[in-house]
Amino acid sequence: QLTQEELADRCELTKGYISQLENELTSPSIATLKDILQALGTTLPEFFKEEEDDEKIVFTQGDYFSKETDDYKVTWIVPTAQKNSMEPIIMELEPHAFSEKDLPHDGEEFGYVLAGKIKIVLGKKEHIAVKGETFYFRPSTTHYIKNVSNEKAVIIWISNPPNF
């Protein structure tokens, strides 16, 4: 949004030099490039940062993958989550079934009960959550979930860092 003359004045350069840069007839020194970028309201790291055009944002059922046992099904709904800071899954527990016990680890865990009634077991403590309720805890003890109803329980569960 600046003219060559305005940019040159802000950087203490000549209009002719800015014109040569725009026409790729010369290259600036690092110090000059920093001055120009500062005048344009950016930094060297931002200027050279590569675009992340390939990063997938929306995932469909075709992207999901699952692990199934007789007692539960875990569906990874963001297949690239292992490289991210959080990992969302959908956990489906058959009536009166248990998830695998998870050993203590750093991080945080959050869940939203979509269907059923579950018991969250954190070490020796137990907590009940039903459809429409959420849970949140730091996994500093062995923990797991039990379906305490006669219907399938379905939970959206997010672990930070990825742990499933």
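Just above, that's the structure.
Here the structure is a predicted model, which means the values were calculated and not measured.

1. Some remarks on a nonpolar patch on the surface
On the surface, Phe-110, Tyr-112, Leu-114 and Tyr-136 cluster together into a nonpolar patch covering about 360 Å² of accessible area. In terms of residue count, strand E4 (residues 108-115) provides more of the nonpolar patch than any other element does, three residues in total.

2. Notes on the nonpolar core
With 17 residues, the main nonpolar core has Met-91, Ile-118, Ile-120, Phe-135, Ile-145, Ile-155 and Trp-157 as its most contacted residues. For this core, the elements supplying multiple residues, two or more each, are strand E2 (72-76), strand E3 (87-93), strand E5 (117-122), strand E7 (134-137) and strand E9 (153-160). Setting aside residues up to four positions removed in sequence, Phe-135 forms contacts with Glu-109, Phe-110, Gly-111, Tyr-112, Ile-118, Ile-120, Ile-145, Ile-155 and Trp-157. Counting residues in each nonpolar core, the second largest holds seven residues, with Ala-8, Cys-11, Ile-36 and Ala-39 among its members.

3. Observations concerning the packing of helix H1 (residues 4-11) against helix H3 (residues 30-39)
One way to put it is that H1 packs onto H3 with a least axis distance of 9 Å and a crossing angle of 115 degrees. Remark: the crossing between H1 and H3 carries right-handed chirality. Two secondary-structure elements touch here, H1 through Leu-7, Arg-10 and Cys-11 and H3 through Asp-35, Ile-36 and Ala-39. Each residue belonging to the contact of H1 with H3 can be placed in one class, and the counts come to four nonpolar, no polar and two charged.

4. Side note on the sheet that holds strand E1 (residues 65-68)
Taken together, six strands build an open sheet; the order of strands is E1-E2-E3-E9-E4-E7 and the sheet is antiparallel. One side of each edge strand has no neighbouring strand; the edge strands of this open sheet are E1 and E7. The sheet shows a mean angle of 20 degrees between the axes of neighbouring strands, direction not considered. Here E4 runs beside E9; their pairing, made up of seven bridges, is antiparallel. Counterpart to Glu-109 in the pairing with E9 is Ser-159.

5. Considerations on the packing of H1 against helix H2 (residues 15-22)
Contact geometry of H1 with H2 gives a least axis separation of 8 Å together with a crossing angle of 110 degrees. Judged on the interaxial angle alone, H2 and H1 are roughly perpendicular. At the point where H1 passes H2, the crossing takes the right-handed sense. On the side of H1, the interface is formed by Gln-4, Glu-5, Leu-7 and Ala-8, while H2 contributes Lys-15, Ile-18, Ser-19 and Glu-22.

6. Concerning H1
Those residues of H1 that sit buried are Leu-7, Ala-8 and Cys-11. What you see down the axis of H1 is that its buried residues fit within an arc of 100 degrees, all on one side. Opposite the buried face of H1, at more than 90 degrees from it, the exposed residues are Asp-9 and Arg-10. Check the buried side of H1 and you find it contacts H2 and H3. Directly after H1, the chain includes Glu-12, whose backbone phi takes a positive value near 60 degrees.

Calculation criteria
- Residues numbered from 1 in each chain as written.
- Predicted model: local features only at pLDDT ≥ 70, side-chain atom pairs only at ≥ 80, totals over all residues.
- Heavy atoms only, no water.
- Patch = residues over 30% accessible without salt bridge, like charges linked within 9 Å, V, L, I, M, F, W, Y side chains within 5 Å.
- Areas by Shrake-Rupley, 256 points an atom, 1.4 Å probe, with all protein chains shown as cover.
- Salt bridge = Lys/Arg side-chain N within 4 Å of Asp/Glu carboxyl O.
- Helix = DSSP H or I, 4+ residues; strand = E, 2+ residues; numbered from the N terminus.
- Core = buried A, V, L, I, M, F, W, Y, C linked by side-chain atoms within 4.5 Å.
- Buried < 20%, exposed > 50% of the residue type's maximum accessible area, 1.4 Å probe, protein only.
- Contact = heavy atoms within 4.5 Å.
- Axes fitted to C-alpha atoms, helices over the stretch in contact; angles between N-to-C directions.
- Left-handed = near helix turned anticlockwise from the far one by under 90°.
- Nonpolar A, V, L, I, M, F, W, Y, C, P; charged D, E, K, R; others polar.
- Pairing = 2+ DSSP bridges.
- Parallel < 35°, antiparallel > 145°, perpendicular 65-115°, else oblique.
- Arc of directions from axis to C-beta.

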